[in-house]
Amino acid sequence: ESAPPVRTLKLAAPVSPHGAGYQAMKTRALSGVELFRAGSHTDSAGQSRHWSSDDLTALASSQNVPLKIGHTSDAWNARLADGLGVPVGLLTGEAGKGAARLGRVTNYRLQGDTLSADFEDLPEILADLIEGGQFNAVSVEIGLAGEKPHLTAVALLGSESPAVPGLKPLNL
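Let us look at the structure shown here. (Residues numbered from 1 in each chain as written. Predicted model: local features only at pLDDT ≥ 70, side-chain atom pairs only at ≥ 80, totals over all residues. Heavy atoms only, no water.)

**Looking at the environment of Asn171**
Our working definition: Here a helix means four or more residues in a row that DSSP labels H or I, a strand means two or more in a row labelled E, and each is numbered from the N terminus. Contacts are assigned to residue pairs that have any heavy atoms within 4.5 Å of one another.
The residue Asn171 is located in the segment after β8 (148-157) in this model. Setting aside residues up to four positions removed in sequence, Asn171 forms contacts with Leu30 and Ile130.

So, in structure tokens, the structure goes:
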């Protein structure tokens, strides 16, 4: 008995409307972004919880936290993907899984009752949208490992208000 033939799948080089193939994007950084604050907050699922300064300390130890686009429509995702020169699936993933990281959240610090951080590797087009005011707030996604909270993602918001009031607007 012979082994089944091995098939090789060859993919064509992806073509961007901005040139031949994908290229590394120009990126920028944004410092001092207020992410979260101690106090009682109600999340998008209607769950209320009091967040203490100890919880903020735990959140500040989060690692590998991606920056992503918040709750957006398919039409918006398509326009943004076109502007970035990537397929829309890179931004949205499949059923919310596998979406591209649109920057990194780094350098966490506590300032009183507020957790702040920096955004690194922010694609220039997103930085331009922040600068233009189209994205002016953030929303954090928090996971609970046992009782210790950790950040799982930070989403950029535009027309929506974050669940945590009183955070400074994004500003480049």
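**Some words on helix α4 (residues 124-131)**
Heads up, the rule is: With a 1.4 Å probe rolled over the protein chains alone, any residue whose accessible area is under 20% of its type maximum counts as buried; one over 50% counts as exposed, and the rest are partly exposed. What the arc measures is the spread of directions leading from the helix axis to the C-beta atoms.
Taken as a whole, α4 has its buried residues at Leu126, Ala127, Leu129 and Ile130. The arc that holds every buried residue of α4, seen down its axis, measures 160°, which confines them to one face. Just downstream of α4 lies Gly133, where phi reads positive at about 90°.

**Describing the pattern of salt bridges**
Put simply, the rule is: Take a side-chain nitrogen of Lys or Arg and a carboxyl oxygen of Asp or Glu: if they are within 4 Å of each other, that pair is a salt bridge.
What the rule picks out here adds up to ten salt bridges. In this structure, Glu131 engages Arg28 in a salt bridge whose closest nitrogen and oxygen atoms are separated by 3.4 Å. Of the two residues, Glu131 sits in helix α4 while Arg28 sits in strand β1 (residues 27-37), which places them 103 residues apart along the sequence. With relative accessibility at 25%, the residue Arg28 sits in the partly exposed group. The shortest N-O distance in the salt bridge between Lys68 and Glu141 comes to 2.7 Å. Placement of the pair is Lys68 in strand β4 (residues 65-69) and Glu141 in strand β7 (residues 137-145), with a sequence separation of 73 residues. Note on Lys68: relative accessible area 28%, which makes it partly exposed. For Glu141, a relative accessible area of 27% corresponds to the partly exposed category. Several salt bridges share partner residues, and in doing so they unite Glu34, Arg37, Asp113 and Lys168 into one network.

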